[in-house]
Amino acid sequence: MPTIPATNDSHINKNMAANFGGSWDAVHDATSGVLAASAESTTTGMARVVVFTYSGHTRWILHRTFMEFDTSGISVAPSDATLKIYGLNQTSTDVIAVKGTQADTLSTADFDNLDVSVPYSAEVATWSTSGYNDFTLNAAALQAMVDNTSLKVAIISYDNDYLDVDPGPPSVSIQAGCYFSEASAGADSDKIPHIDYTEGYIAPVVWTEMESKGSDINIKGGSLKIGVL
Amino acid sequence: MADYYNKGLDMTFSLYENKIMYNEGSGSVTAKRECTEYWFNQQNEIGSLEEISQISYIVSGSNSYIKDNGWSNISHIAFTESDVINLWFPSDNTKTISDVVNGVMTPNSFDEPTAIGLIKDTNHLVTDWSI
C-alpha cells in the first residue's frame, strides 16, 4: 500500500485574554496566531481548547494543526485512503480533518486558512495515546488528492472548533497531542503522520464502435490499441 | 537568523544593520523599509505586538526586539520569566515562578504540568524558563 509522509506540519494557536478583547468568538474567528517553533517533533496541542483564569482574567486558547501531503504522483482517485496520526496525549477531545488552505510554508497568518465546509473525514471520537489514530478520508479528500499536487489538511477540535460551540466559562482544558514529521530524524521515526492509500483503478471501456465527427479524440495518460480479431 | 516571507501578508522580513526591515513580495530586495512602531501601528494585517515580536524573533534571533527598540504599549508582554512574575505580582518582589504556577493551578483545578504548559503558551516570547 503506498504511503505519503506529511510535510509542512505544525500547529498554530490563538491565545487571548478577556482584558485584551478575548472571547470564544475572538479566538475562533481570529485571522492569525502564534506558529509553533520549527523543529518541534511533538505537541500536546494538536487540537486544543482551553478556557482558564490567568492573573484574574479569563483567557481562551485555541490550537489548530496543519499538514500537507505530496499527491503529485496520483492521477486516479485512490479507492480509499487513511490519514494516520500517532497520538501523544488526550483529554476529552474529539477531532476532525478538514480541508486546509494554508500556504506552502506555514505561517502565523494561516490560523484561519481552513475550510470547515469541506470535511475530509468524519469525527474521530477516540484518541489513542500510544498508537496511530485513523482518519478515513472521504470522497472530497480522495478527489482532492487527484486535483491538486498536494493535499492540505487541518486537524481541529470537533465539538468546539468545528461546530463553533463556546466551551463555556473557566476552567476547560481539552486537547489531543501528536507526533510531527520532525520526529523522522530520531528514534520516533516510525510515528510520523502519513497517508496510506489504495491506488485507484479505471476499468477499461470496451466499445464495439467509436466514431468522431468533426472533433478530436484525446487520449491522456494511455494509448489507443487497435487490434484485429 | 533568516529572512522570513509571510504569504498572508505577502511581505518578506529581513535584518539590516540590526533593524527589522520589510519589503513587499517574496524574497528580500534592495529597496526595503524599517519595521518601525509607527509602521506597525498602521498595519491591519499584523494584529498584535506578540505577532510582530514573533516575526522579529525569527528574523533577528532576539525575543525582545520591540522592547529593546523602545516600542510603547508593551507593558502587558513578558519577555523573561521575571517579567511573567512581575506582571502577576507587580508590587511583591518576594514572589517566584512557583507562585505563578500555583496561581494557575488553584483557581482552575489544573495539575502542575497543565498549569506550566499554559503559562508557557501564554508567555510564548519567553525562551528561558526554570520550570
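Residues numbered from 1 in each chain as written. Chains lettered and ligands numbered in written order. Predicted model: local features only at pLDDT ≥ 70, side-chain atom pairs only at ≥ 80, totals over all residues. Heavy atoms only, no water.

**Topic: the packing of aromatic side chains**
- Applying the stated criterion across every chain yields a total of 11 aromatic pairs over all chains.
- With a centroid separation of 4.7 Å and an interplanar angle of 75 degrees, the aromatic rings of A:Tyr54 and B:Trp88 are classed as edge-to-face. Placement of the pair is A:Tyr54 in strand 3 (residues 42-54) and B:Trp88 in helix 4 (residues 81-88), with the two residues belonging to separate chains. Note on accessibility: A:Tyr54 and B:Trp88 belong to one class, buried. (Phe/Tyr/Trp six-rings, centres within 6.5 Å; stacked < 30°, edge-to-face > 60°. Helix = DSSP H or I, 4+ residues; strand = E, 2+ residues; numbered from the N terminus. Buried < 20%, exposed > 50% of the residue type's maximum accessible area, 1.4 Å probe, protein only.)

**With respect to the interface of chain A and chain B**
- Contacts between the two partners involve 26 residues from chain A and, on the opposite side, 22 residues from chain B.
- Roughly 1900 Å² of surface becomes buried between chain A and chain B when both sides are summed, with 54% attributable to carbon and sulfur atoms.
- Counting the contacts that link chain A with chain B gives two salt bridges.
- Close ionic contact of A:Arg48 with B:Asp121 constitutes a salt bridge, the shortest N to O distance being 2.2 Å.
- Secondary-structure elements contributing two or more residues to the side of chain A that touches chain B are strand 1 (3-17), strand 2 (34-35), strand 3, strand 4 (57-70) and strand 10 (172-179) of chain A.
- When residues in the side of chain A that touches chain B are grouped by element, the largest group, six residues, is from strand 3 of chain A. (Contact = heavy atoms within 4.5 Å. Buried area = accessible area lost by both parts, 1.4 Å probe. Salt bridge = Lys/Arg side-chain N within 4 Å of Asp/Glu carboxyl O.)

**Comments concerning the environment of A:Gln102**
Residues and elements named next belong to chain A.
- Mapped onto the elements of the fold, Gln102 is located in the loop between strand 6 (95-100) and strand 7 (114-119).
- As a C-alpha pair, Gln102 and Gly21 span 81 residues in sequence and 26 Å in three-dimensional space.
- In contact with Gln102, other than residues within four places in its own chain, are Asn8, Phe66, Met67, Asp110, Asn113, Lys152 and Val153.
- Here the side chain of Gln102 touches Met67 through a polar contact of 3.2 Å, landing on its backbone oxygen. (Polar contact = N/O pair within 3.5 Å; in protein donor to acceptor, adjacent residues only side chain to side chain.)

**Re the sheet that holds strand 2 (residues 11-16) of chain B**
All names here are of chain B.
- Read across the sheet, four strands follow the order 1-2-3-4 without closing on themselves; strand pairing throughout is antiparallel. Of all strands in the sheet, those with a lone pairing partner are strand 1 (4-6) and strand 4 (33-34), marking the two edges.
- Contacting strand 1, strand 2 and strand 3 (19-24), helix 2 (residues 49-60) runs over the sheet at an angle of about 55 degrees to strand 2. (Pairing = 2+ DSSP bridges. Axes fitted to C-alpha atoms, helices over the stretch in contact; angles between N-to-C directions.)

**Some remarks on a negative patch on the surface**
- Among the surface-exposed residues, A:Asp25, A:Asp29, A:Asp164 and A:Asp166 lie close enough to one another that they form a single negatively charged patch.
- Inspection of the secondary structure puts A:Asp29 in the loop between helix 1 (24-28) and strand 2. (Patch = residues over 30% accessible without salt bridge, like charges linked within 9 Å, V, L, I, M, F, W, Y side chains within 5 Å. Areas by Shrake-Rupley, 256 points an atom, 1.4 Å probe, with all protein chains shown as cover. Lys, Arg positive; Asp, Glu negative; His and termini not counted. Charge placed at Lys NZ, Arg CZ, Asp CG, Glu CD.)

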